[in-house]
Amino acid sequence: MSWLYDTFFHLFKPGSVALTVMVISIAAAAGLALGSVRFRGVSLGVAGVLFAGLVVGKLLGDHKLDHGAVDFAKEAGLILFVYTIGVTAGPGFFASLRRQGIGLNALAALIIVLGVVTTIAVSKIGGIPMKDAVGLMSGATTNTPSLAAANEALAARGVPTEQVKTGAAYAIAYPFGIVGIILSMLGVRAYFRIKLDQEAERLAAADPQRNGLVSLNLLVTNVNLDGRAIERIPSFDDGDVVVSRIMRGGAAATPGGAVEIASPQTVVHTCDVLLVVGPE
């Protein structure tokens, strides 16, 4: 059994890619388990992975991991994060943009401006280097893509990698960003004496059309719709009904294939099958 022992410790020696992958996997699994724990109806969710990563990083130390593998995991994780957000929000994004686009974008811009002003003030008053303050801003707003953008901007300006502490500042501020949001929501609920079950009943009574969404598979047989984009089809252009998926060819399609994620610009043809979601 000595060969098994030697092989195992050769693969998982400090600084190896195998050890790095194993540590990241352990941190992810432990974080998901931590995020699933609920206390008084509140859970950390995927943010639990960050807390687990902080603990694992503290116990293990930075010098025992392969930095190339860590950078790859960081970039790949960010890409998957942004992609999944796009896939999730994509079906209703343009409809929401048409209805509330100006208001929502104005609020988002206001949040960014206030965050920048606060970051500059904290940096000047507290004597914190701006490259670290940017990390604090990203963590406080729980904005992972902004952290990546800050690192790219610092690298483009020639700041050495070992001097960039945005990741550490992000990790410090992120827990407070999560806890602060949760406490703020609980405080608003307590101050205004909001009961979620009663609010749900009021919303359903005020707009019964939205009380429960259903999904249907619709076969396109109308030749007038052939070659027309989804956003130009009546009843699909107001955002109440969303086309989520489209299967090309319908019953004539080969099993297990030709299924696409639909967008408002997707063109439909006769014999296509549309998966639509909307009020009953």
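Being a predicted model, the structure only gives us computed values, none of them experimental. (Residues numbered from 1 in each chain as written. Predicted model: local features only at pLDDT ≥ 70, side-chain atom pairs only at ≥ 80, totals over all residues. Heavy atoms only, no water.)

Draft legend 1. Summary view of a nonpolar patch on the surface. A contiguous nonpolar surface patch, about 390 Å² in accessible area, is contributed by Leu104, Leu107, Leu110 and Leu114. The residue Leu110 is located in helix 4 (residues 67-126) in this model. Of the residues examined, Leu110 reaches a relative accessible area of 45% and is grouped as partly exposed. (Patch = residues over 30% accessible without salt bridge, like charges linked within 9 Å, V, L, I, M, F, W, Y side chains within 5 Å. Areas by Shrake-Rupley, 256 points an atom, 1.4 Å probe, with all protein chains shown as cover. Salt bridge = Lys/Arg side-chain N within 4 Å of Asp/Glu carboxyl O. Helix = DSSP H or I, 4+ residues; strand = E, 2+ residues; numbered from the N terminus. Buried < 20%, exposed > 50% of the residue type's maximum accessible area, 1.4 Å probe, protein only.)

Draft legend 2. Region of interest: the pattern of salt bridges. Overall, the coordinates contain 2 salt bridges when judged by the stated rule. A salt bridge links Asp272 to Arg248; its shortest N-O distance comes to 2.8 Å. With a gap of 24 residues between them, Asp272 in the loop between strand 7 (267-268) and strand 8 (273-279) and Arg248 in the loop between strand 5 (242-247) and strand 6 (259-261) connect regions that are remote in the sequence. Judged by relative accessible area, which is 3%, Asp272 ranks as buried. With relative accessibility at 22%, the residue Arg248 sits in the partly exposed group.

Draft legend 3. Local environment of the sheet that holds strand 8. Across the sheet, which stays open at both edges, the 4 strands sit in the order 3-8-5-6 with antiparallel pairing between neighbours. Edge positions in the sheet fall to strand 3 (213-219) and strand 6, since each of these pairs with one other strand and no more. Each strand axis lies, on average, 25° off the axis of its neighbour in the sheet, ignoring direction. Pairing analysis gives 3 bridges linking strand 5 to strand 6, with the strands arranged antiparallel. Paired with Met247 across the strands is Val259, a residue of strand 6. (Pairing = 2+ DSSP bridges. Axes fitted to C-alpha atoms, helices over the stretch in contact; angles between N-to-C directions.)

Draft legend 4. Geometry of helix 6 (residues 144-156). Between its first and last C-alpha atoms helix 6 spans 19 Å; for 13 residues at 1.5 Å apiece the expected length is 18 Å, and the two agree. Residues of helix 6 that are buried make contact with helix 5 (130-140) and helix 7 (166-191). Directly beyond the C-terminal end of helix 6, a positive phi value near 85° is found at Gly158. (Expected span 1.5 Å × (residues − 1). Contact = heavy atoms within 4.5 Å.)

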